[in-house]
Amino acid sequence: MKKLSVFLMFCLAISTATMAQSGQLDSLFGTDGLVLLEFDDYARANAVAVQPDGNILVGGEVYKHVPFHDTDMLMLRYLPDGSLDTSFGQGGQVQTDLNNYESLHHIAVQPDGKIIAAGHESNRLLVCRYLHNGTPDLDFGDAGCRVAGFEVTYGGFALQPDGKILLAGYGFDPDTSTGLSQLVYRLDEWGNPDTSFANDGVAVTSFGDYTPISDLLLKPDGKILLNGLTTNNGVCSVTDIAVIQLMPDGSLDNGFGGGDGYALFDRDSLCDGSNISTLFSDGESVLLTGWTDTDSVENVPFLLKMTSEGALDTLFSNDGWSFIGDGFAYFDARDAIFLPNDKFLFAGTAVIVDTIWGSPTEVSRAMISRFLPNGSIDSTFGIQGSVLLNTDFTYPFDIWNSLTLGLDNSLFVVGGNDGSGKWFVLAKYKLDITSPTREQRATGSKIPLRIYPNPASTIATFSVQLPLPSPVRLELLDAFGRLVFTKQFPLQPSGIFSLQLELPASLPGGAYLAQLKGDGVTATTILLIAN
């Protein structure tokens, strides 16, 4: 899978001692902000998640020699100070071996505290669920795991508010075993194929001769967005950015893109592709990142803002596109996340020129960059918008693979070293996320609250973007302003908070004011109940 390359306008080795407060390693975490774990052989950290109690989950893959030469899924849990949580699994680690090549790509924590780990087993999609202490949830799938019965490359994951699980991939149609297709596989909350979704749990689309999936994004209205690249003849000069949108039931969304569920973006008929999709805080617009080739330079990075209908948002940067520099080094982004006020972070690796082994050499440094809502780099972060990390390993090929926000205005990032390939690296950075003032806590900042379906009869899903970690309370008020329903939720991480709620049978049909309140946030809209 081709990754985003962001050309930087500088070539610097940055010392953490010179960083500003925002983008500085938290010296109280681990050892000077870092936790390094070395293995005897190949290991790679791909995913990170923060639990409501502040513990940190890190996952990836580790190579082993016995009884077979293959890789296992590996997940570790750290306490908020960076020490290993020995109450988790076996001494802080959970290793899952299905006697094949397993790898963990995403981690999600359910509201009940159970842990979802998604990835692949050889060339099949894989999901496992664990209890809070790391033991397999034997009620899920087959003894805690579910392996897809068809072969595809891994392309993304999402956890629905109702506990159902979405996985994306690219491979042959499971029914015919022919024709390369884009696939979305949905499991129910017990890890079984959800037969109510598409064709016995698998949605299949066949777009272009070659259209691999790079990412999956679940939108607040339940629609499913896939992105990547497409070509009709394998020639790079006609490769376009491809975006596919499905309805919640797995059918193509005919109101998206050109009216057929597909949107294509082409920059000057050159080689284009996209590898990351992230939802703006309005709950509708989507940020795509990727690369494009020019006549003189390959892999020029871009940011693209797309409307909910699959069109370019021409109010963003230059007609919807933003290009990041034209220097002599580049940034290969592996993950992205939004912050309050629609600033966003990328994490990956930067290739710079440094004196290694006695001569100028291109080396990779793990890197984070922050951008403003208009797509320009945020120079107030780190040094000129970026933070480089040099782990001083023997092989200078450091990389970040995943990032997430902590509960204390912080950022957690995981990765490793692609040279030696034997390290799990976890870092904690400070961020200058401003906490709400007392006045803001009292009045709340108005952000969209979305409900679907609306009108609703028995079940409705409420969705809102939380700019900061916060407890959440849902309230329903009748036409006379009387509080008729309330439900409280403990501390939730920043990002999209979604709740599927069974509406009280005691509520008569009519209009209700729905309010979802958090720390410095009040989101309101009208809920129509049809009885």
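None of the values given here were measured: they were computed from a predicted structure.

**Some thoughts on the overall build of the protein**
Working step 1: Across its full length, the protein holds 1 helix and 37 strands.
Working step 2: The buried share of the protein, taken over its 531 residues, is 55%.
Working step 3: Residue pairs at least 24 apart in sequence account for 53% of intrachain contacts in the protein once pairs closer than 6 positions are excluded.
Working step 4: Accessible surface for the protein amounts to roughly 21600 Å². Of this, 52% is attributable to carbon and sulfur atoms.

**Digging into the sheet that holds strand S6 (residues 93–96)**
Working step 1: The antiparallel open sheet is built from 4 strands, whose spatial order is S3-S4-S5-S6. Looking at the sheet topology across the chains shown, the edges are occupied by strand S3 (43–50) and S6. Averaged over all adjacent pairs, the angle separating strand axes in this sheet is 20 degrees, with direction ignored.

**Looking at the environment of Ser402**
Working step 1: Along the polypeptide, Ser402 turns up in strand S27 (residues 398–405).
Working step 2: A C-alpha to C-alpha distance of 9.1 Å links Ser402 and Ala49, two positions 353 residues apart in sequence.
Working step 3: Excluding anything up to four places from it in sequence, Ser402 contacts Asn46, Ala47, Val48, Asp335, Phe412, Val413 and Val414.
Working step 4: Only 3.4 Å separates the side chain of Ser402 from the side chain of Asp335, close enough to count as a polar contact.

**A short note on the pattern of salt bridges**
Working step 1: Under the criterion given, the structure shown has 14 salt bridges.
Working step 2: Asp253 serves as the salt-bridge partner of Lys223, at 3.2 Å between the closest nitrogen and oxygen. Here Asp253 lies in the loop between strand S17 (240–246) and strand S18 (262–265) and Lys223 lies in the loop between strand S15 (213–218) and strand S16 (224–230), a separation of 30 residues in the sequence. Each member of the pair Lys223 and Asp253 is classed as buried.
Working step 3: Among the salt bridges present, the one from Glu475 reaches Arg473, with a minimum N-O distance of 2.8 Å.
Working step 4: Overall, the relative accessible area of 9% leaves Glu475 in the buried class.
Working step 5: Look at the salt bridges and you will find they share partners, linking Asp26, Asp408 and Lys428 into a network.

**What to know about the sheet that holds strand S14 (residues 202–205)**
Working step 1: Taken together, the 4 strands give an open sheet; going across it, the order is S11-S12-S13-S14, and neighbouring strands pair in antiparallel fashion. Among the strands making up the open sheet, the edge pair consists of strand S11 (152–159) and S14. Within the sheet, the average angular offset between the axes of one strand and its neighbour, ignoring direction, is 20 degrees.
Working step 2: One ladder, built from 4 bridges, connects strand S13 (residues 180–187) with S14; its direction is antiparallel. Following the sheet pairing, Tyr185 is matched in S14 by Val202.

**Some details on a nonpolar patch on the surface**
Working step 1: A contiguous nonpolar surface patch, about 290 Å² in accessible area, is contributed by Phe172, Leu180 and Tyr210.
Working step 2: Structurally, Phe172 is set in strand S12 (residues 165–172).
Working step 3: The class of Phe172 is partly exposed, set by a relative accessible area of 44%.

**A few points about the confidence of the model for the protein**
Working step 1: With 83% of its residues at a pLDDT of 70 or more, the protein shows a mean pLDDT of 81.
Working step 2: Strand S1 (residues 4–8) is the least confidently modelled element of the protein, averaging 33 in pLDDT, while strand S9 (residues 124–130) averages 96, the highest of any element.
Working step 3: Contacts of residues 1–20 to residues separated by more than four positions or lying in other chains number 79 contacts, the stretch itself having pLDDT below 50.
Working step 4: Taken as a whole, residues 435–446 scores under 50 in pLDDT and shows 21 contacts with residues more than four places along the chain or in a different chain.

**Some thoughts on the side chain of Asp313**
Working step 1: With respect to the secondary-structure elements, Asp313 resides in the loop between strand S21 (300–306) and strand S22 (321–323).
Working step 2: Relative accessible area serves as the criterion here: at 15%, Asp313 is assigned to the buried category.

**A word on unusual backbone geometry**
Working step 1: Omega for the peptide link from Tyr452 to Pro453 comes to -10 degrees, which places this bond in the cis form.
Working step 2: Structurally, Pro453 is set in the loop between strand S31 (450–452) and strand S32 (459–466).
Working step 3: In this chain, Asn454 is followed by Pro455 through a cis amide linkage whose omega measures 15 degrees.
Working step 4: Its place among the elements puts Pro455 in the loop between S31 and S32.

**Here's the deal with the side chain of Lys114**
Working step 1: With respect to the helices, strands and loops of the structure, Lys114 is situated in the loop between strand S7 (102–109) and strand S8 (115–121).
Working step 2: Setting aside residues no more than four positions away along its own chain, Lys114 makes contact with Ala108, Val109, Arg129, Tyr130, Leu131 and Asp137.

**Brief notes about the environment of Lys114**
Working step 1: Of the residues examined, Lys114 reaches a relative accessible area of 18% and is grouped as buried.
Working step 2: For the pair formed by Lys114 and His132, sequence separation is 18 residues and the distance between their alpha carbons is 5.4 Å.
Working step 3: Side-chain polar atoms of Lys114 contact the side chain of Asp137, separated by 3.2 Å.

**Here's the deal with the state of the cysteines**
Working step 1: Counted under the stated rule, the structure contains 1 disulfide.
Working step 2: In this model, Cys128 is linked to Cys145 through a disulfide, with the two sulfur atoms separated by 2.1 Å. Here Cys128 and Cys145 share a disulfide; its torsion about the S-S bond, 105 degrees, makes the bridge right-handed. With Cys128 in strand S9 and Cys145 in strand S10 (residues 145–147), this pair connects stretches of sequence that are 17 residues apart. The same class applies to Cys128 and to Cys145, which are both buried.

**Structural notes on the nonpolar core**
Working step 1: In terms of nonpolar packing, the biggest core is built from 23 residues, with Phe462, Phe497, Leu516 and Leu527 touching the most fellow members.
Working step 2: Among the elements that make up this core, the one with the highest residue count is S32 (4 residues).

**Looking at the environment of Ile529**
Working step 1: Inspection of the secondary structure assignment puts Ile529 in strand S37 (residues 521–529).
Working step 2: On the basis of relative accessible area, Ile529 is assigned to the buried category, the value being 6%.
Working step 3: The spacing of Ile529 and Ile459 is 70 residues in sequence and 9.7 Å in space, taken between C-alpha atoms.
Working step 4: Beyond its immediate sequence surroundings of up to four residues, Ile529 is in contact with Ala456, Ser457, Leu503, Leu507, Pro508, Gly509, Gly510 and Tyr512.

Parameters and conventions
Residues numbered from 1 in each chain as written. Predicted model: local features only at pLDDT ≥ 70, side-chain atom pairs only at ≥ 80, totals over all residues. Heavy atoms only, no water. Helix = DSSP H or I, 4+ residues; strand = E, 2+ residues; numbered from the N terminus. Buried < 20%, exposed > 50% of the residue type's maximum accessible area, 1.4 Å probe, protein only. Contact = heavy atoms within 4.5 Å. Areas by Shrake-Rupley, 256 points an atom, 1.4 Å probe, with all protein chains shown as cover. Pairing = 2+ DSSP bridges. Axes fitted to C-alpha atoms, helices over the stretch in contact; angles between N-to-C directions. Polar contact = N/O pair within 3.5 Å; in protein donor to acceptor, adjacent residues only side chain to side chain. Salt bridge = Lys/Arg side-chain N within 4 Å of Asp/Glu carboxyl O. Patch = residues over 30% accessible without salt bridge, like charges linked within 9 Å, V, L, I, M, F, W, Y side chains within 5 Å. pLDDT = per-residue confidence, 0-100. Disulfide = S-S within 2.5 Å. Core = buried A, V, L, I, M, F, W, Y, C linked by side-chain atoms within 4.5 Å.

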